[in-house]
Structure formats: structure tokens, C-alpha cells
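Remarks on the overall topology
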Amino acid sequence: MFEYEIATARRADLIREADLYRMAQEAKKAPLGSRGQNRERTVSRHRSLFTRAA
């Protein structure tokens, strides 16, 4: 039973590490303009389309 728990924990670690590696590779491939706060700026252009909350 103990070996199974170790294997399960190791599997979870490997999956987490693979996800981090995949995100890092995608970030390297992304153009510089799509990184950072540029995505948030697109919402401010359309601010008049939304009603103001109380």
C-alpha cells in the first residue's frame, strides 16, 4: 500500500512538472504583444458597451 501512495504522489508530481513545462514553452512561442497587460487593455476600449453596476 505504501508503494502505491509513493507512485501516486510521483505521478502527480510528474504531471504538475509537465504542465509547468508546457506553459513555459507556450509562453516562449507567444508573440511579445500578447504577453502581460495587453490583454487587459482590450476591455477598456469596449467599456461603453457595458452598463455600470451599482
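Summarised in this report is the structure supplied together with it.

Reading the values: rules and limits
- Residues numbered from 1 in each chain as written.
- Predicted model: local features only at pLDDT ≥ 70, side-chain atom pairs only at ≥ 80, totals over all residues.
- Heavy atoms only, no water.
- Helix = DSSP H or I, 4+ residues; strand = E, 2+ residues; numbered from the N terminus.
- Buried < 20%, exposed > 50% of the residue type's maximum accessible area, 1.4 Å probe, protein only.
- Areas by Shrake-Rupley, 256 points an atom, 1.4 Å probe, with all protein chains shown as cover.
- Salt bridge = Lys/Arg side-chain N within 4 Å of Asp/Glu carboxyl O.

**Quick notes on the overall build of the protein chain**
- For the protein chain, the helix and strand inventory stands at two helices and zero strands.
- Put simply, the protein chain has 54 residues, and 0% of those count as buried.
- Here the protein chain displays about 5600 Å² of accessible surface, and carbon together with sulfur accounts for 58% of that area.

**A few points about the pattern of salt bridges**
- Under the definition given, this model contains two salt bridges.
- Put simply, Arg-22 and Asp-19 hold a salt bridge, and the shortest N to O gap is 2.7 Å. Of the two residues, Arg-22 and Asp-19 both sit in helix α1 (residues 2–29), three residues apart, roughly one turn of that helix.
- Its relative accessible area of 34% is what places Asp-19 among the partly exposed residues.

Remember that the coordinates give geometry; whether it matters functionally is a separate question.
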